Amino acid sequence: TECVSGCVCPEGLFDDGRGGCVEHKDCPCIHNNELYSSGDKIKVDCNTCTCQKGIWKCTDHVCYGTCTIYGSGHYNTFDGKFYDFDGSCEYVATQDFCGDKNSSGSFSIITENVPCGTTGVTCSKAIKIFLGVMKTLSNRSATPLSAILEVIPDTKKFSEMTVGLYKVIEASNGVMLIWDQKTTVIIKLSPDYKGKVCGLCGNFDDKANNDFTTRSGLQETNPLNFGNSWKQSPMCPDVTQEVKPCDLKPHRKSWAEKECSIIQSEVFKICHSKVNPLPFYEACVHDACSCDSGGDCECFCSAVAAYAQECIKAEACVFWRTPDICPIFCDYYN
């Protein structure tokens, strides 16, 4: 659009974005505002993309879906919709009993939410997996910050294991639940369930804009109306307004913002271009303000860990835990 004094590449060569000139076969590719050289590979979900002549060439594997529920009512659906819902009841997190009331299904995962402070926010206290002899897994102290896990199977096989901090339940029907034994629950579903599930985790059809589908099949825009439709008992009160704990406890706000600033700091810089830190920072401040009856650090650590988990999925490995910040000493000194 205008003349700018400077250099241009010789005929047949191309600007590589780094101040040099290359042949067409060596053109770089861009992903999340970062330059990658020809031949570089990146991971996008379960697919591998290779930079070839300035264009990404990707494998087309169909990937497992992941839904994350953590802290005081934060949800990240299978299709990547991030929202908050603070309801005190049992709710359907995800199931494949959808549509017709008589429709058959193979599993249902229920989350029980209870207040986890005096501000009205709720945390997931109990997780029930219906695969179709009741088995109860718990750490004995069933406070809102140390949950119970129940697995109710039929003849379908499932395995149970402990991996580091996490308890993992994997069923033979392609359902996996990963629980940190506190307030974070990660549900993974095989691609076979695409578009066949419903609940607070959405419908897993690769479209985030229709995730707020109510139990009756209506499309909602309000997360409160959507969440209320998935309560298990009609006796539970509906949620009518969004809780803002930092407004109710203003004396905690500056502390919460200071602690949660680690998410937007240099510590996580490698991840910022891959995963937007803003919703995770806001969720962290929300949780740090709300956990005012014990477990302050637990809420803060779970919120930061949720962002770190998304960073790992985007192949940005961040070592953020220290002896002073959410320590796991065997991990730090290993």
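Residues numbered from 1 in each chain as written. Predicted model: local features only at pLDDT ≥ 70, side-chain atom pairs only at ≥ 80, totals over all residues. Heavy atoms only, no water.

Burial within strand E8 (residues 65–70) is extensive, with 6 of its 6 residues counted as buried. Burial along E8 is two-sided: the residues Gly-65, Cys-67 and Ile-69 and Thr-66, Thr-68 and Tyr-70 are all buried. Summarising the sheet, E8 and strand E19 (residues 185–189) pair through 5 bridges and their orientation is antiparallel. Of the residues in E19, the one forming a bridge with Ile-69 is Val-185. Relative to strand E9 (residues 74–76), E8 is paired through 3 bridges, and the arrangement is antiparallel. Bridging across to E9, Tyr-70 finds its partner in His-74. Between E8 and E9, which pair antiparallel and follow one another directly, the connecting turn spans 3 residues, one of which, Gly-71, has a positive phi of 60 degrees. (Buried < 20%, exposed > 50% of the residue type's maximum accessible area, 1.4 Å probe, protein only. Helix = DSSP H or I, 4+ residues; strand = E, 2+ residues; numbered from the N terminus. Pairing = 2+ DSSP bridges.)

Right, let's talk about the sheet that holds strand E18 (residues 175–179) for a bit. Taken in spatial order, the 7 strands make up an open sheet running E10-E9-E8-E19-E18-E17-E16, and their pairing is antiparallel. At either end of the open sheet lies a strand with only one pairing partner, and these are strand E10 (82–84) and strand E16 (158–163). In this sheet, neighbouring strand axes are inclined to one another by 15 degrees on average, regardless of whether the strands run parallel or antiparallel. (Axes fitted to C-alpha atoms, helices over the stretch in contact; angles between N-to-C directions.)

Here the focus is the nonpolar core. Generally speaking, soluble globular proteins have nonpolar side chains that are buried together. If you look at the biggest cluster of nonpolar residues, it comprises 36 residues, and the most contacted ones within it are Phe-78, Phe-107, Ile-109, Leu-177, Ile-187 and Leu-189. Those elements giving two or more residues to this core turn out to be E8, strand E11 (90–95), strand E12 (108–115), strand E13 (122–131), strand E17 (166–171), E18, E19 and helix H1 (223–229). Ignoring anything within four residues of it in the chain, the contact list for Phe-78 reads Gly-65, Thr-66, Cys-67, Thr-94, Ile-187, Leu-189, Val-197, Cys-201, Gly-202 and Phe-204. Grouped together as the second largest cluster of nonpolar side chains are 29 residues, Ile-262, Val-275, Cys-284 and Ala-305 included. (Core = buried A, V, L, I, M, F, W, Y, C linked by side-chain atoms within 4.5 Å. Contact = heavy atoms within 4.5 Å.)

With that out of the way, let us pick up the side chain of Asp-211. Along the chain, Asp-211 turns up in the loop between E19 and H1. Buried within the structure, Asp-211 lacks any salt-bridge partner; its nearest side chain of opposite charge belongs to Lys-81, at an N-O separation of 6.6 Å. Every residue in contact with Asp-211, bar those within four places of it in the chain, is listed here: Thr-77, Asp-79, Lys-81, Gly-202, Asn-203 and Phe-226. (Lys, Arg positive; Asp, Glu negative; His and termini not counted. Salt bridge = Lys/Arg side-chain N within 4 Å of Asp/Glu carboxyl O.)

Let us now look at the pattern of salt bridges. Under the criterion given, the structure shown has 7 salt bridges. For Asp-205, the salt bridge is made with Lys-207, and the minimal N-O distance between the two is 3.8 Å. We classify Lys-207 as partly exposed; its relative accessible area is 45%.

Our next topic: the packing of helix H3 (residues 253–260) against helix H5 (residues 278–290). The geometry of H3 relative to H5 is characterised by a closest axis approach of 8 Å and an angle of 140 degrees between their N-to-C directions. Here H3 lies oblique to H5, going by the angle between them. Classified by chirality, the crossing of H5 by H3 is right-handed. Between H3 and H5, the contacting residues are Lys-253, Trp-255, Ala-256, Glu-257 and Cys-260 on the first element and Tyr-281, Cys-284, Val-285, Ala-288 and Cys-289 on the second. Here the contact of H3 with H5 is built from residues that sort into 8 nonpolar, no polar and 2 charged. (Parallel < 35°, antiparallel > 145°, perpendicular 65-115°, else oblique. Left-handed = near helix turned anticlockwise from the far one by under 90°. Nonpolar A, V, L, I, M, F, W, Y, C, P; charged D, E, K, R; others polar.)

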